[in-house]
Amino acid sequence: MSEIQANGSAAENRMQEIVSLCKNRGFVFQSSEIYGGLRSSYDYGPLGIELKRNIMLEWWRNMVYSRENIVGLDASIIMHPKVWEASGHVASFSDPLVDCKICKERFRADKAPRATAGTDTTITLADKERAKFAQEQIEKDYQLKLERDGKIIRGAKVAACGYICPNCGSPFLSNERQFNLMFRSFLGSVDPLTEIAQAIEAGTLANLKGLELRTKLEELLKPPTVYLRPETAQAMFVQFLNVQRSMSLKVPFGIAQMGKSFRNEITVKSFIFRSCEFEQMEMEFFCKPGTDDQWMDYWKEQRMAWWREFARHPENFRFRQHEPKELAHYAKACFDVEYQFPWGWDELEGIANRTDYDLKKHATHSGKKIEYLDAETNEHYVPYVIEPAAGATRAVLAYLNDALDEDEIPDAEGHPQKRTVLRLHPKLAPLKVAILPLVRKDQLPEKAREIAKAFFQAGINARYDETHAIGKRYRRHDEIGTPYCLTIDGQTLTDNTITIRDRDTTKQERIPVAEAVTIVKERLKL
């Protein structure tokens, strides 16, 4: 097995471990699973929603609650369609789409593995039967006789386009097509299909074909058309004046927003990493032109520090600067915060200098004057914008991968036993503490529930758990990342002490019941 194949297999195994944990322990479920599921749609279970909310809460604390010049916004998912015309999304928010003619994978051409035209490439299929079928298909469709070794086909050449299928390595691809990434919907009680039906009946569309027909249909659909937002950013630009004036904010200041966005992704991949419905954590920081480079450096440092704060392996986070040819049309510069996922380095957050592009575009399209007046200097200008934009759902996957671990601990007889443990940062852990009566008798459950109630009243997410033997309960809470387990036993009834067990070290010590909440809060640094 080659090094590339070995790495691919390891990545696949790691992802299977994460997906299995997520389903079996209530982190993430396939959406509509009893109906066969819906591709790229996921539901966050009891523990998954807590983990995601904890990540988003820590982002909000860091970006908003810890700073005097950043405020929040919660904007509508459906905005006026002219917003998306002004931003350029309607006209250009599309990706080049390519189909692999061998494995049928659909992918973005601009994200495909690059290769020099004319060089050899290896096609790798799921099994030898599929490889045999593909070999015969290539010979029939392209008059090429290629060598096959099990599930591997050799001898193909990279085409002039200079890229290959990211799934199987095939150079046999369709032509590129543009694919609109925005979800279209319709606002109003009148079904737009009625307009089309009437046009067909009247013969208005009878002699139209191709582009002319499409243009006419777009005309009929345009009045009620709205879009599900593909990003949260535009609302912060559109509400710039309202937020600035209502809060008497002085430049530099920021507007932060968390919420769902929707993109009709061409290629969904790697579990929750890329899906059609996802949550973002974005902030638009408005600064005076000429100071933007300084603020870009500042926010790069701040954001990387935040990601690493909650990681066991901070070395798995890095920056990648966009090359000029990669930059979005609005960006002066952009840096991605990347994480080393099982399949390799990939984006968690983009930090972009958007200049004054967005504010000027919305001013032009709306006919409204959007600028800032410096009361001290009487200077009017359009602020530049530095945008740290992070993916909350990608953060869930990154921190799950960072935390999922396996070690060995002695069993009751002292023999080494494998243990799966989720070493999440305590602030991110879905449950902070588990309350465990040793047995379900001798008034231990009643005492345990009293302790659990004290944690609930203190606002600490605790879980009362009396199911299965105590060892099994320890392993279960290790696997879902609960930092501490409190065990109520016979001694508790005589001296009012309990055992606190640490998830990572498995060490246990006795503490007074009266101090349990305080001790856990101190150790969690809440």
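Use the structure listed above.
Residues numbered from 1 in each chain as written. Predicted model: local features only at pLDDT ≥ 70, side-chain atom pairs only at ≥ 80, totals over all residues. Heavy atoms only, no water.

A. Focus on the overall build of the protein. Scanning the protein for helices and strands turns up 16 helices and 26 strands. Reported as C-alpha extents along the three principal axes, the dimensions of the protein are approximately 90 × 75 × 50 Å. Among the 526 residues that make up the protein, the fraction classed as buried is 47%. A separation of at least 24 residues holds for 67% of the contacts in the protein among residues at least 6 apart in sequence. In the structure as shown, the protein presents an accessible area of about 27,100 Å², 49% of it carried by carbon and sulfur atoms. (Helix = DSSP H or I, 4+ residues; strand = E, 2+ residues; numbered from the N terminus. Buried < 20%, exposed > 50% of the residue type's maximum accessible area, 1.4 Å probe, protein only. Contact = heavy atoms within 4.5 Å. Areas by Shrake-Rupley, 256 points an atom, 1.4 Å probe, with all protein chains shown as cover.)

B. Quick peek at helix α6 (residues 192-202). Here α6 has its buried residues at Pro192, Ile196 and Ala199. For α6, the arc enclosing every buried residue in end-on projection is 60°, short of the 170-degree limit, so these residues lie on one face. Seen from the open side of α6, the exposed residues pointing more than 90 degrees away from its buried face are Leu193, Glu201 and Ala202. Its side-chain oxygen at 3.0 Å from the backbone nitrogen of Leu193, Asp191 defines the N-terminal cap of α6. Looking one or two residues beyond α6, the residue adopting positive phi is Gly203, at roughly 80°. (Arc of directions from axis to C-beta. Polar contact = N/O pair within 3.5 Å; in protein donor to acceptor, adjacent residues only side chain to side chain.)

C. Molecular detail of the sheet that holds strand β24 (residues 484-488). The strand order across the open sheet built from five strands is β23-β22-β24-β25-β26, with neighbouring strands paired in mixed fashion. Edge positions in the open sheet fall to β23 (462-464) and β26 (508-512), since each of these has one partner strand only. Averaged over all pairs of adjacent strands, the angle between strand axes in this sheet comes to 25°, irrespective of strand direction. As defined by bridge partners, β24 adjoins strand β25 (residues 497-502) across four bridges and the pair is classed as antiparallel. By the bridge assignment for β25, Leu486 is matched with Ile500. Contacting β22 (433-437), β23, β24 and β25, helix α13 (residues 444-457) runs over the sheet at an angle of about 165° to β22. (Pairing = 2+ DSSP bridges. Axes fitted to C-alpha atoms, helices over the stretch in contact; angles between N-to-C directions.)

D. Representation of the nonpolar core. With 54 residues, the main nonpolar core has Phe27, Ile55, Trp299, Trp307 and Tyr399 as its most contacted residues. Elements represented by at least two residues in this core include exactly α1 (3-24), α2 (46-65), β13 (277-287), α10 (292-309), β15 (333-341), β16 (344-355), β19 (384-391) and α12 (392-403). In contact with Trp299, not counting residues within four places along its chain, are Met63, Arg67, Ile70, Met283, Phe285, Ile351, Ile386 and Pro388. Counting residues in each nonpolar core, the second largest holds 27 residues, with Leu73, Met182, Ala233 and Ile370 among its members. (Core = buried A, V, L, I, M, F, W, Y, C linked by side-chain atoms within 4.5 Å.)

E. Representation of helix α5 (residues 128-142) within the structure. For α5, which comprises 15 residues, the first-to-last C-alpha distance of 20 Å matches the rise-based estimate of 21 Å (1.5 Å per residue) to within 8%. Every buried residue of α5 is accounted for by Ala131, Ala134, Gln137 and Ile138. Burial along α5 is one-sided: seen end-on, the buried residues are contained in an arc of 120°. Of the exposed residues in α5, the ones pointing more than 90 degrees away from its buried face are Lys128, Glu129, Phe133 and Lys140. Packing partners of the buried residues in α5 comprise β6 (120-124), β7 (147-149) and β8 (152-157). Gln143, located one to two residues past α5, shows a positive phi value of around 55°. (Expected span 1.5 Å × (residues − 1).)

F. Structural detail: the packing of aromatic side chains. Summed over the entire model, instances satisfying the criterion amount to 26 aromatic pairs. Seen from their ring centres, Phe107 and Tyr163 are 6.5 Å apart, and the 90° between their planes marks the pair as edge-to-face. One end of the pair, Phe107, is in strand β5 (residues 106-108); the other, Tyr163, is in the loop between β8 and β9 (177-180), and 56 residues separate them in sequence. Of the residues examined, Tyr163 reaches a relative accessible area of 3% and is grouped as buried. Aromatic side chains Trp295 and Tyr298 sit 5.3 Å apart centroid to centroid with 85° between the ring planes, which places their arrangement in the edge-to-face category. Of this pair, Trp295 and Tyr298 both sit in helix α10, separated by three residues, roughly a single helical turn. The exposure class of Trp295 is buried, given its relative accessible area of 19%. Taken together, the ring pairs connect Phe273, Trp306, Trp307, Phe310, Phe317, Tyr339, Phe341, Trp343 and Tyr399 into an aromatic cluster. (Phe/Tyr/Trp six-rings, centres within 6.5 Å; stacked < 30°, edge-to-face > 60°.)

G. Structural view of the pattern of salt bridges. Taken as a whole and judged by the stated rule, the model has 37 salt bridges. Between Arg320 and Asp336 there is a salt bridge; the shortest N-O distance is 3.4 Å. Here the residue Arg320 occupies a position in strand β14 (residues 317-321), and Asp336 occupies one in strand β15, the gap between them amounting to 16 residues. Residue Arg320 is classed as partly exposed on the basis of its relative accessible area, which comes to 24%. Of the charged contacts in the structure, one is a salt bridge between Arg423 and Asp405, with a shortest N-O distance of 2.8 Å. Taken together, the positions of Arg423 in the loop between β21 (416-422) and β22 and Asp405 in strand β20 (residues 404-410) put the pair 18 residues apart, joining distant regions of the chain. Connected via shared salt-bridge partners are Arg312, Asp405, Asp407, Arg419, Arg423, Asp478, Arg501, Arg503 and Asp504. (Salt bridge = Lys/Arg side-chain N within 4 Å of Asp/Glu carboxyl O.)

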